[in-house]
Structures are given as C-alpha cells and as structure tokens.
Amino acid sequence: MKNYRLFTLIMGLTFLLLAGCTEAQQEEARDQGTDEALHRNEMDDYNDRPMEGQVGYVRYEKDQLDQDAEQNQNFKVNKEKVADMISRMILKYEEFEDVATLVTDEEVLVAYQAPDGQDRELSADMVKKTAYSLVPSFYHVYISDNPSAFGDIQSLSNSTVYDDQYNEVIDNIIQKMKEAPQGKDEPSENTDAS
C-alpha cells in the first residue's frame, strides 16, 4: 500500500512538472509571437498567403524611383500562367471544348475547336477578345480553329527564342493561323482618337 501511495505521489509530481513546463513554453512562444509581430514586415510572407479576394495596389511618387533605372526596366510576364489563364477563360464559354494557348514575348497563339453550329466569325471574335483582355496591349493575338493549329503551336512549346530558325518557324505558324477567321480588328487598331 505504501508503494502505491509513493507511486501515485511521484506520478502526480511528474504530471505537475510537465504541465508547468508546457505552460511556460506556451507563454514564451506567445511572447515571442507578440515580439515578432511588432518587428515583422507585413510583406514578409506575401507570396505565401492565398490571394483569393485580395486586391493589388501600388502607389509611387516620381521622386521615389530612380528614373535612369526605370528607363532600363524590363517587365516580365509569366507566359505559362498567362497561357493557362487564357485557355481557362475561353473554356468558361459553354460552347468551347478544346483550347491550346502559347504565349511568347510579343504574340499569343490560340488554337481552339470551333463550337458546332456557331458562326466561325463569332467564335473567333470571342476567342480573340478573351485573349486580348488578359495580356498587355503590345501583344498580337493570332487564333485558329483549324485542327492542325494544335500541333503547330504545341511544336513550339519547348522552344526558346535562342533556337535556330525560331522566328522563321513562328512566322510560318502565324501565317497558317491567319487563314482561319481572326475575329474583329485588334483593340489598338479600332479605337477612336477623340
């Protein structure tokens, strides 16, 4: 009986000791978190946060920027993400079932399966406007509902601008794509100067 009481007493003290350590550790972590929050930059984990529902906002005054450096600034576009967005947006239209998009430094090439029973010009206009809505205004968009266009633009998917005959190959593909309806004029060509 004496051993049982001794065992219970030792177990109780061990439990209290462990609980005290855990509570002290939790309090220390809370203090560290508070200290970290006071000295933390909100942008530290910017890329790790989900962007759903977020807005993007930037404001500069001209004197905040090095104007010489700005003249040489190259803006980069994540071409894979833009191609993905364009294809997904076109597929949101119920009529479209198959879309492939290739984005280069200056062009967007879109191959699509023409919807059954829909006017080819209307389909082309929908595809072209959707692509233009997702890229900077200096891009040129070329589209085609010709089934061979899928293979043509896929052949460029692993190319780089440094490949031999890259420009020649892309120009040939663009010429073939232009044989299909291209929709209405490019946005920059049909705007009125008021």
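Calculation criteria
Residues numbered from 1 in each chain as written. Predicted model: local features only at pLDDT ≥ 70, side-chain atom pairs only at ≥ 80, totals over all residues. Heavy atoms only, no water. Helix = DSSP H or I, 4+ residues; strand = E, 2+ residues; numbered from the N terminus. Expected span 1.5 Å × (residues − 1). Buried < 20%, exposed > 50% of the residue type's maximum accessible area, 1.4 Å probe, protein only. Contact = heavy atoms within 4.5 Å. Phe/Tyr/Trp six-rings, centres within 6.5 Å; stacked < 30°, edge-to-face > 60°. Pairing = 2+ DSSP bridges. Right-handed = clockwise from strand over helix to strand, strands pointing away.

A. Molecular detail of helix 4 (residues 120–132). Helix length check: helix 4, at 13 residues, gives a terminal C-alpha distance of 18 Å against a target of 18 Å (1.5 Å per residue), a fit within 8%. Buried within helix 4 are the following residues: Ser123, Ala124, Asp125, Met126, Val127, Lys128, Thr130, Ala131 and Tyr132. Packing partners of the buried residues in helix 4 comprise helix 3 (79–91), strand 2 (107–112) and strand 3 (140–144).

B. Summary view of the packing of aromatic side chains. Inspection of the entire model under this criterion finds three aromatic pairs. Ring centres of Phe96 and Tyr112 lie 5.8 Å apart, and the angle between their planes is 70°; this geometry places the pair in the edge-to-face category. Pair noted here: Phe96 is in the loop between helix 3 and strand 1 (99–103) and Tyr112 is in strand 2, with a separation of 16 residues, a long-range link. Relative accessible area serves as the criterion here: at 0%, Tyr112 is assigned to the buried category.

C. Focus on the environment of Met89. Structurally, the position occupied by Met89 is in helix 3. Residue classification places Met89 among the partly exposed residues on the basis of a relative accessible area of 35%. Sequence separation between Met89 and Ala131 is 42 residues, and the spatial gap between their C-alpha atoms is 8.5 Å.

D. Here's a closer look at the pairing of strand 2. Of all six residues in strand 2, six are buried, a share of seventy percent or more. Here strand 1 pairs with strand 2 via five bridges, running antiparallel. Opposite Ala100, over in strand 2, you have Ala111 as the bridge partner. In sequence, strand 1 turns back onto strand 2 through a hairpin of three residues.

E. Just the pairing of strand 3, in detail. Most of strand 3 sits out of view: four of its five residues are buried. Where strand 2 and strand 3 come together, five bridges link them in parallel fashion. Considered in strand 3, the bridge of Val108 is made with Val141. Between the parallel pair strand 2 and strand 3, the chain is carried across by helix 4, and the sense of this crossover is right-handed.

F. Examining unusual backbone geometry more closely. Look at Gln165: it is not a glycine, yet its phi comes out positive at around 65°. With respect to the helices, strands and loops of the structure, Gln165 is situated in the loop between helix 5 (148–154) and helix 6 (166–177).

G. View of the environment of Ile90. Among the structural elements, Ile90 can be located in helix 3. Given a relative accessible area of 0%, Ile90 falls into the buried group.

Geometry only, nothing functional implied.
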